[in-house]
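Okay, here's what each chain looks like letter by letter:
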Amino acid sequence: MIYLFIGTTEVMFILFIVVMVFGADKIPEIARGLGKGMRMLRDASNDIKSEITKSAENSGIDTNVTKDIQDELNKVKDDLEEFTGSVRRKM
């Protein structure tokens, strides 16, 4: 398994170092803190998006253009995933 150019052995080594540095009893606390941080970041980005959308609608800016662009991007992404899926199966 390779994820972001990091192989399984590298991931295992990193986990081993984390356990050695922090200890097995601290890992759930660290994971919980990271989860809360990611949740706060996602909430903040959603708040920023909604504020931008509200101000654009109040200013009379057409926000349907961004929805059309997002739809096109999703189509390209789906096509790319179909192509890479077939390539992965052949390998």
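These figures come from a predicted structure and were not determined experimentally.

Q: Quick one: what's the story with helix H1 (residues 8-22), residue by residue and with numbers?
A: Taking 1.5 Å per residue, 15 residues should reach 21 Å; H1 reaches 21 Å between its end C-alpha atoms and fits that length. Once H1 finishes, Gly23 follows within two positions and takes phi at roughly 90°, a positive value.

Q: Give a description of a negative patch on the surface that names residues and reports values.
A: A surface patch of negative charge is lined by Asp78, Asp79, Glu81 and Glu82. Within the element layout of this structure, Glu82 appears in helix H3 (residues 64-90). What makes Glu82 exposed here is its relative accessible area of 57%.

Q: Please give an account of the pattern of salt bridges that cites residues and values.
A: The full count for this structure, using the stated rule, is two salt bridges. Here Asp43 ties to Arg39 by a salt bridge, and the two come within 3.5 Å at their closest N and O atoms. Taken together, the residues Asp43 and Arg39, both in helix H2 (residues 27-59) and four residues apart, mark about one turn of the helix. In this structure, Glu72 and Lys75 form a salt bridge, with 3.6 Å as the shortest nitrogen-oxygen distance. Separated by three residues within a single helix, Glu72 and Lys75 lie in helix H3, roughly one turn from each other. A residue is classified by how much of its surface remains accessible, and Lys75, at 49% relative accessible area, is partly exposed.

Conventions used here
- Residues numbered from 1 in each chain as written.
- Predicted model: local features only at pLDDT ≥ 70, side-chain atom pairs only at ≥ 80, totals over all residues.
- Heavy atoms only, no water.
- Helix = DSSP H or I, 4+ residues; strand = E, 2+ residues; numbered from the N terminus.
- Expected span 1.5 Å × (residues − 1).
- Patch = residues over 30% accessible without salt bridge, like charges linked within 9 Å, V, L, I, M, F, W, Y side chains within 5 Å.
- Areas by Shrake-Rupley, 256 points an atom, 1.4 Å probe, with all protein chains shown as cover.
- Salt bridge = Lys/Arg side-chain N within 4 Å of Asp/Glu carboxyl O.
- Lys, Arg positive; Asp, Glu negative; His and termini not counted.
- Charge placed at Lys NZ, Arg CZ, Asp CG, Glu CD.
- Buried < 20%, exposed > 50% of the residue type's maximum accessible area, 1.4 Å probe, protein only.

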